[in-house]
Every structure is written in C-alpha cells, then in structure tokens.
Amino acid sequence: MGIHYDDGARVFKLDTAHTSYVIAITDEENFIGHAYYGASIRDMDVSYLMRTKEAPFVPSQNNRDRSSFLDTFPMEYPGNGVGDYRESAIAILDENGNTAVDLHYTGHRIYDGKTGIPGLPATFGDETECSTLEIYASDSVRMLDVTLFYTVFEDVDVIARSVQITNRAKEPVYLTKVMSTSVDMDAEDYQMLTLHGSWARERQIEYRSIGYGKQSVGSTRGESSHQEHPFVALVSKGATQESGKVYGFHFVYSGNFLAQVEKNQFDSLRVVMGIHPQDFCWQLKENETFYAPEVVLTCSENGIGAMTRTLHDLYRKHLIRSPYKNKKRPILINNWEATYFDFDTEKLLAIAREAKKCGIEMLVMDDGWFGYRNDDNTSLGDWQVNEEKIKGGLKNLVDEVNRIGLKFGIWFEPEMISPDSNLYRNHPDWAIALPERTPCRSRNQYVLDLSRPEVRDYVYEAVASILRSTNIEYVKWDMNRQLTDLGSAYLNRENQGELLHRYVLGVYEMQERLLKEFPKLLLENCSGGGARFDSGMLYYSPQIWCSDDTDAIERLKIQEGTALIYPLSTMGAHVSDCPNHTVGRVTPFATRGHVALAGTFGYELDITKIPAEDREQIPQQVAMYHRYNELVREGDYYRIASYSQNHEYDCYGVVAKNRMEALFTFVQVLNRPNYHSRRIYLQGLAPEKKYRIELGRENGEASILYGDTLMHAGIQIPNMWGDFQSVLLHLTAVEE
Ligand code: GLA
C-alpha cells in the first residue's frame, strides 16, 4: 500500500515508486497542510516544512497574526475569504450573500483500489494497482462537508486528486468555485510549460518564466479548446528530456478549465487546477453533493521525457477503457478531404474498391450524408440519410462496402443544431441561447442544450437508430463550434450557472450510453480538428482526431505537443493529398506516411484520383503500419530533437518496454547546403544490448552497435536530397 498514516504526528505519506507526497494536520485547529511533494523521501514526519513554528507562520492564540498565518500556510485545499489572499480552491455564495469557506480536518479513510466519480471520466485501478486516501474536512459554520480524494498509482508514479462537496445545511448554497487541486510549494527556478494553439495549429509547446502574481491558461469556451490546454508543468531551469525536475498537472475534463500558477511575496508557488470559475455557479440543496473532476499529478527528477512516459502509461493502463486500447486500429480512409460534401454512393464505393486493393481496412463517410446537407449551412440535427446522395439507402451502402471487404464508419455531430433544420424549426428552444437575443452563429450553427434530458434522449436515439440500422463499426463524434450565449430555456434562474458543466456531463452521459449499447464500437472524438483532445474524452474514445491540419510538417509540431502528454495510440493521424488543403505545402508521400505512422494511421484523400506513384506506395505503407503499430502503440516514447525548437529537423522514437526493439523517425524539414550527415543521440535503449540498425530507406547500411554507443556517441543520419525528407530507423536487439 502506498499510503501511510502516522497517528501521533497526524501525517499522511503517499508514496509512488519514485515520489512522495506528505500531508499534515495542524495541532490546534486541524488545518490540512501540504508538507511535501517531490522525489521519494524516507522520513514520514516532515511537517516542519510547513513552518508552523516559525514567525510569522504561527497561528497565534490571540488571533493577532492569524492573517499572516493563513496567507502563508501551505493549505491542501484553501478556502475563500478568511485570510489566505492567494487563489482559493473553493468559494461559495450563501443565503446571506457571504462567500467564505473555512475548512478543517474531521477524519479520513484509507483503502485499496479506487472509486469512480459519478458522471465523470476518471482514472481507474483495482486493489492491487492503487490505493486511495479520503480526507474529510468541514466548514462547521456553513455546514459544508468536503472530501479530498488522493489515489496513489504506485507503479506509474501518479497521484490522482478529486473533490466532493456536500451541503449539510437546510438552505441551498451556491458553489462559485471548486478547484480540483491546489498544491503549494517553494518557488525554485521553474518555468511554466503549457500548450497553446488555434484551429489547425493545436497544442504548440510554450515555456514562460514565472513572475510574481498569477499566470494561467484556461478555457471559457465550453470545451477544452484549440486555444489553451488543461495541462501545466513546472519545469526546473535547464531541465531537458532526460534530466531535471518536472511537475505535471493534467485535468481529466473536457470543458472550461483554469490552470494557474501563482508566485507570492514569500516566493512560494500555488498551482490550482479545476473548472474555470467564470460563468460557474452550482446550486447545492440540502444533502446534495457536487463532484469535481480529477487532476492527475506527476513529478519526475528525470526530465520532461519521464513525465511524458508516466502520463502515457497512466492513460494506457488506467484511463482508456475501449476494447481497442491495446489493439491495432483498422486502417481507415476518410472521404472528408477527398470529396468534402460532394459525394454519393458511387463515389464512396469507387474509393472503397481502390482502397481495398491497397490494403486499407475501413471506409469512413464524413460530413454531408444526412438531411440536405450539401454545405455546412444546414441540417445538423436531422440525422436521416439523404437518399439523393446515398442512393439505395445507408444499409445498401454499408452492405456493399462490407462486400468489398472493408468495415464501415460514419461521422456525426450530435451536439449541434443548424438554424436551417427541421429539428430547429420544431424545437427552437433546444438551442443554447439567451432570452430575447439571437444567438451568435459559428459555422452557421447553434449548440444544443445538453443540460436538457429530452434533448440528450432525442439526439442519442437519432444516432443510435442509425447505428442499429446497419453494420457500422466506427463513429467519428465531431463538435464544430464553441459555446456562446450561455442561456438555457430549461434551467431555472438559480441553475443557469450550471449550464456549462451540465453540458459536459451531458456529452459524457451520451457517449457512455453509446458505449454501453454498442460495446464493440470504435469511437473517435473530434472537435474542429483537435479542440477536444483531452484526457476526459479518452475515457470514452481510445483515439481523438488530432488536427484538421494534415500537412506532415505542421503535424510535427502538433504531434510533438500532443505526444508530450498523450500516448501515440490516441492520436488520429492520416496521410492526405498535396498540395495540402490547409497550408498548400507539397511533401513527399513517404514523409506523410512516416509522420502519420506516429498516430492511429489512415488516409484522407481521393484514392481514385491521387497520382499513381503515390497510390503505389500505399501497400508498402500499409505493411509498414502492420509491422510497427504494436511498437508505436505500446512502446515508450522518446523525443530526440524538436523541429519546433531547432527549425530544421525533427526526431522521436518509441522503444519496446523490453528494450528489444525500437523505431525512430527522423524528418529533415529543410535541407542544408554542404552538409553531410547529422548526428543524433538515441534514448531509451538498453546500454548493454547490441542493436541491428535498419534504415527505412535504401541509402543506409545495416550496422550493429551497442545501446550505449547509440545513446552517448550517437548515430549519423545521412543527408537527404531535398526538403521534407524522412527516414525510419528500426532497431532490433541481437543475441550475443
Ligand atoms: C471538422 C472535422 C473534420 C471534418 C469536418 C466536417 O472540421 O475536424 O475532420 O469531419 O468537421 O464538417
């Protein structure tokens, strides 16, 4: 068991394989203090780190310096409005208009295993894999009970935190802020590592220094968003992929979030993460409980790469549930970039026939098959097949595709409603809108009010009845606009502030239902590309469309940022046609294949129209996928060089857990004149093993070198002619 309690000292110690987390309860007033989080330590009672015996940190008996105490004490879950001026974790509005919360320890429970969080995605593990500490705290005046949950995943070096709040008073209380985690620590020289982006440019890596005051990323868009990401890491100065201290905080949630680092007057840091308090106000009636989503915390002394591999392992083992999680995904061909809205049964079948010849395994019919949707202005909500396009109906098409030998997948955008749709004409009040205001359109559509049960039921049935009607084995669940005009015709005045969170709960509920009814379905989430690529969605779908930008070079940056925290097995990545539809760039077909290999792999092009020399490469790429996918999906990921930093070349690799095999991808983005070869230093190999190196292009000879040579002395990658060239290095350990 990774959790220990010292009754005398009133100290909790949580241990993973390489980290310790210590919580201590203060003597007089039962404050729950944070003593330590970092590399493993042996001592249990390190409550001296909380400095409760040093002026001005003493909670004075006569109350004279109480505010100094509260403003400096490392509180495990700080309440609002009683003297701690740093960001609080919880704030309320009570019947009297007061906002303060003052929490004190009342008890705890420790057990093996982990319980789920009602209605929310969460990491899981059985009694042998994790143990949980529940700390009970209470505001006895306000009669608010708070449970702090800490689950220790010993083997993967992760602590998962979440919070539950119950109102024990007769009168309702309004929660105006509920963070899922707050961690106080001394401000060493950390940098803040976050992911930012936009449509077609998701999850770009950014470092910034931490100044006094608050610095944050967040989303108030109703989804985790293209723009900022529910993740923050503190990276010690000079840390590399392989060395240095790194704390990672990742929110398992798909809606609004705040991830904030605050540096205070005494050079301590407070990191908070949770649902963004903006537009959040949750009514809790007597004995009702609010469940806050989970944050996963990890700390590594071995650099950024160790954090990455920890999160990959956590998600692969303890978050993704799909039966596909450890399986090869069918290689799909999607018709979006091939045809956009201009397709019919014949075109789709022609693509399927040609795809089959090349070894592709599934056809996905994207947007435009329903209502009378021939552009993006209509029909969302009218999930009936357009038989003018899909002549003979959907079942006929699916049967034909199956007969050709391909599986069939389909696109939906269940959360949306077009103003020009029968659904909207019949139920205008089902759209999220403010009374007396015309809601703002985005891609000419509105968002359905998923806080409303009949809306969820209707949309669920619409989707499910299509899936029941024929043999559909994959669904791409899209979400193409962010939320505005936050009003619900369904919610009462006192519940309007619940809309954004209820919306996310509605999405989760619908996807849960879908997976219960269709347990074998391969679900891929998507949101205008990768705006809802988050760990919340991974609980429902084992893969998420990474970005609408399929250009191999732009993808290097997008996939680097994504792979920083998400396993490669989750990254939707396809080979598309050139000039690329987003940036107009022309890259070699082989490079496009190598880059897509780092994800789920598939095609997004009109295979009947692409140049013959490209099409001829598809069977080899298919073989490459089959050969390497298991390694890519299950291996340990290493970032060797970053094009986003060096602007010339990119290199990353995966190494099998048993170190017997590895695959490194090198992309020479820009060629350099008068340059012979480039040295790279591999990582993750067993130093004492000999590896046979096979270059996935004709220009390299196989050679055999020790792991330590490959990692410390490096290897020369031959210069390639032209820009955007790439090469795979496949390594297999050879017996002595
Ligand atoms: C979004 C998706 C695309 C495609 C279109 C269809 O942009 O990310 O892959 O499905 O919608 O409208």
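The structure we're discussing is the one just above.
Since the model is a prediction, treat every value here as computed from it, not as a measurement.

Engineer: I would appreciate a short explanation of the pattern of salt bridges in the present structure.
Structural biologist: Proximity of charged atoms lets side chains of opposite charge pair with each other. Counted by the stated rule, this structure contains 54 salt bridges. Between Asp399 and Lys395 there is a salt bridge, with the nearest N and O atoms lying 3.0 Å from each other. Here Lys395 and Asp399 lie together in helix H5 (residues 393-404), a separation of four residues that amounts to about one turn. Residues Arg425 and Asp420 are paired through a salt bridge, measuring 3.0 Å at the closest nitrogen-oxygen approach. A relative accessible area of 46% means that Arg425 is categorised as partly exposed. Looking at Asp420, the relative accessible area reads 25%, which means it is partly exposed. Three or more residues joined by partner-sharing salt bridges are found here, namely Asp313, Arg316, Asp636, Lys657 and Arg659.

Engineer: Help me understand a negative patch on the surface, please; the structure alone is not making it clear to me.
Structural biologist: Taken together, the side chains of Asp112, Asp126, Glu127 and Glu129 make up a negatively charged region of the molecular surface. As for its position among the elements, Glu129 is in the loop between strand S6 (104-112) and strand S7 (131-139). A residue is classified by how much of its surface remains accessible, and Glu129, at 31% relative accessible area, is partly exposed.

Engineer: Just to check I follow, could you spell out helix H10 (residues 552-563) for this structure?
Structural biologist: Think of an α-helix as 3.6 residues a turn; residues three or four steps apart then line up on the same face. Given a rise of 1.5 Å per residue, twelve residues ought to cover 16 Å, and the 15 Å separating the end C-alpha atoms of H10 matches this to within 8%. If you check which residues of H10 are buried, you get Ala552, Ile553, Glu554, Arg555, Leu556, Ile558, Gln559, Glu560, Gly561, Thr562 and Ala563.

Engineer: Would you explain the packing of H10 against helix H11 (residues 589-596) in this entry?
Structural biologist: Geometrically, a packed helix pair is captured by the angle between its two axes and the distance between the axes. Contact geometry for H10 and H11: axes closest at 10 Å, N-to-C directions at 15°. On the basis of their axis angle, the class for H10 and H11 is roughly parallel. Once H10 is placed against H11, the crossing between them reads as left-handed. Mapping the contact onto sequence places Ala552, Arg555, Leu556 and Gln559 in H10 and Thr591, Arg592 and Val595 in H11. The class makeup of the residues in the contact of H10 with H11 is three nonpolar, two polar and two charged.

Engineer: Explain the sheet that holds strand S11 (residues 190-196) to me, please; I cannot follow it from the model alone.
Structural biologist: Strand-to-strand pairing in sheets goes through backbone hydrogen bonds, with the strands running parallel or antiparallel. Taken in spatial order, the nine strands line up as S6-S7-S8-S9-S19-S15-S14-S11-S12 in an open sheet, and their pairing is antiparallel. On the outer flanks of this sheet lie S6 and strand S12 (204-209), each paired with one strand and no other. Across the sheet, the mean angle from the axis of one strand to that of its neighbour is 20°, orientation sign disregarded. In this sheet, S7 lies alongside S6 in antiparallel orientation, the contact comprising eight bridges. Across the sheet, His108 pairs through a bridge with Ile135, a residue of S7. Here helix H2 (residues 303-318) sits on the sheet in contact with strand S8 (144-153), strand S9 (158-167), S12, strand S14 (231-236), strand S15 (246-252) and strand S19 (289-300), set at roughly 135° to S19.

Engineer: Even after reading the chapter, I still don't get the site of the ligand, so can you show me in this structure?
Structural biologist: Surrounding the ligand, one finds 13 residues, the nearest of these being Asp366, Asp367, Lys476, Gly529 and Asp548. Separating an oxygen atom of the ligand from a side-chain N or O atom of Lys476 is a distance of 2.7 Å. Between the ligand and Asp548 there is a distance of 2.5 Å, counted from an oxygen atom to a side-chain nitrogen or oxygen. For the ligand, whose free accessible area comes to 300 Å², the fraction covered by protein is 97%. Split into classes, the residues belonging to the shell around the ligand amount to four nonpolar, three polar and six charged.

Thresholds applied
Residues numbered from 1 in each chain as written. Predicted model: local features only at pLDDT ≥ 70, side-chain atom pairs only at ≥ 80, totals over all residues. Heavy atoms only, no water. Salt bridge = Lys/Arg side-chain N within 4 Å of Asp/Glu carboxyl O. Helix = DSSP H or I, 4+ residues; strand = E, 2+ residues; numbered from the N terminus. Buried < 20%, exposed > 50% of the residue type's maximum accessible area, 1.4 Å probe, protein only. Patch = residues over 30% accessible without salt bridge, like charges linked within 9 Å, V, L, I, M, F, W, Y side chains within 5 Å. Areas by Shrake-Rupley, 256 points an atom, 1.4 Å probe, with all protein chains shown as cover. Lys, Arg positive; Asp, Glu negative; His and termini not counted. Charge placed at Lys NZ, Arg CZ, Asp CG, Glu CD. Expected span 1.5 Å × (residues − 1). Axes fitted to C-alpha atoms, helices over the stretch in contact; angles between N-to-C directions. Parallel < 35°, antiparallel > 145°, perpendicular 65-115°, else oblique. Left-handed = near helix turned anticlockwise from the far one by under 90°. Contact = heavy atoms within 4.5 Å. Nonpolar A, V, L, I, M, F, W, Y, C, P; charged D, E, K, R; others polar. Pairing = 2+ DSSP bridges. Near = heavy atom within 4 Å. Polar contact = N/O pair within 3.5 Å; in protein donor to acceptor, adjacent residues only side chain to side chain.

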